[in-house]
Amino acid sequence: MCIFIGIDISAKTFDVVTRNQGKPNKPSSFEQSFEGHEKCIQQLKKLKPKLIVMEATGIYHLDLAIAIYDAGLPVSVINPASFKQFAALMLTQSKTDGIDAGLLAEFAERMKPRLWIAPTKNCIYLKDLGRQIQRLTRDSAKAKNRLHAFKSKRTTTPLLIEDIEDSIAHYTLRIGKLTNAALDLIQDDPNLNTHFSNMQKAKGIGQASAISILAEFVVLSNDMKAKQVSRHAGLDVKLHQSGSSVNGASRISKAGNAYLRSALFMPAMSAVRHDENVKAFKEALVRRGKKKIQENFAVMRKYLTGLWAVYQTGIAFDSTKLFSDVHKKA
């Protein structure tokens, strides 16, 4: 028997559908808890599935995926964008957790995605630190903008200004605490420390950016190709063409990892100003008539390619190699 399993994840429960000989069984529901995970795994072990597939849905899939992986079962964690496209191709009109689980089982059987390898506990810890630092930094920026707006008004009471200043100071304290924890984790691991140092050889990549990018890289499979990483970050290009009458502007999918995409934006824009090779690359795009947003995302995608190569090879970032093809298509 070739049994394929689809698991649809939600915050409090997850649904499991078994597909055997091309036919799905009724979905089974389990609690999103340690006990629920164990109960599900015991049933999965009896079935001896060829492949189990689930989506990478925020934070909710990870504990279950790790538990399944540690149990020695074959599991694949797929990009939600890939599953969305598959569901559209299958002309699925209804959407419930059970239906999605059945479709995921069919995805497993038809597409046979690569097996997932669980990251280490330290890698997961670094990813969580990096994402929380990004969230706090974003909230701090909003508070600073609010403070500027309040100070621009004559009617703002001093108490409100003091309150926002206290909030900003608290954000700064929390960001510093988490950054120090991330740096300790990186410095205690020779490989991570090397990657961290090599990434900062790139113009625009400072300590904060390197932490954020490295925190996302460490939970990816090291054998992923550059195009796969671009797709993971939502920086892959979507074409809008049909026959001779429809020829819309290409744009990025934005269907991937928003944390990685966000971590790349400011470094890439800074590199355009401070790295002659990056500047030449963008100027070549301008000559080809690309729109500003297309130019920016092309630079981000190119920078991501270079940083991923740094992570894979352990060699320092070198823009002269990365942007040697400035006259070719981005």
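Owing to the predicted nature of the structure, the values given are computational and were not obtained by experimental measurement.

## Section: the side chain of Thr18
Thinking step 1. Here Thr18 is to be found in strand β2 (residues 13-20).
Thinking step 2. Residue classification places Thr18 among the buried positions, given a relative accessible area of 12%.
Thinking step 3. Aside from chain neighbours lying at most four places away, what touches Thr18 is Ile3, Phe4, Ile5, Lys23, Pro24, Asn25 and Leu47.

## Describing the pattern of salt bridges
Thinking step 1. Under the definition given, this model contains six salt bridges.
Thinking step 2. A salt bridge links Asp223 to Arg114; its shortest N-O distance comes to 3.0 Å. Taken together, the residues Asp223 in the loop between α8 (207-217) and α9 (226-232) and Arg114 in the loop between α4 (97-111) and α5 (121-151) connect sequence positions 109 residues apart.

## A few points about the environment of Val237
Thinking step 1. Relative to the helices and strands, Val237 is located in strand β7 (residues 237-242).
Thinking step 2. Here Val237 falls in the partly exposed class, since its relative accessible area comes to 39%.
Thinking step 3. Separated by 61 residues in sequence, Val237 and Ala298 place their C-alpha atoms 9.2 Å apart.

## Observations regarding the layout of surface pockets
Thinking step 1. Its volume calculated, the largest pocket comes out at about 1400 Å³.
Thinking step 2. Val77, Ile78, Asn79, Pro80 and His232 are, among the 42 residues lining the largest pocket, the residues nearest its centre.
Thinking step 3. Top element by residues in the lining of the largest pocket is helix α3 (residues 80-89). It accounts for seven residues.
Thinking step 4. Residue classes in the lining of the largest pocket are distributed as 21 nonpolar, 12 polar and nine charged.

So, how was this worked out
- Residues numbered from 1 in each chain as written.
- Predicted model: local features only at pLDDT ≥ 70, side-chain atom pairs only at ≥ 80, totals over all residues.
- Heavy atoms only, no water.
- Helix = DSSP H or I, 4+ residues; strand = E, 2+ residues; numbered from the N terminus.
- Buried < 20%, exposed > 50% of the residue type's maximum accessible area, 1.4 Å probe, protein only.
- Contact = heavy atoms within 4.5 Å.
- Salt bridge = Lys/Arg side-chain N within 4 Å of Asp/Glu carboxyl O.
- 1 Å grid on protein atoms, 1.4 Å probe; cavity = no way out; pocket = protein on both sides within 12 Å on 5 of 7 lines; lining within 4 Å.
- Points joined across faces, edges and corners; volume = space filled by probe spheres on them.
- Nonpolar A, V, L, I, M, F, W, Y, C, P; charged D, E, K, R; others polar.

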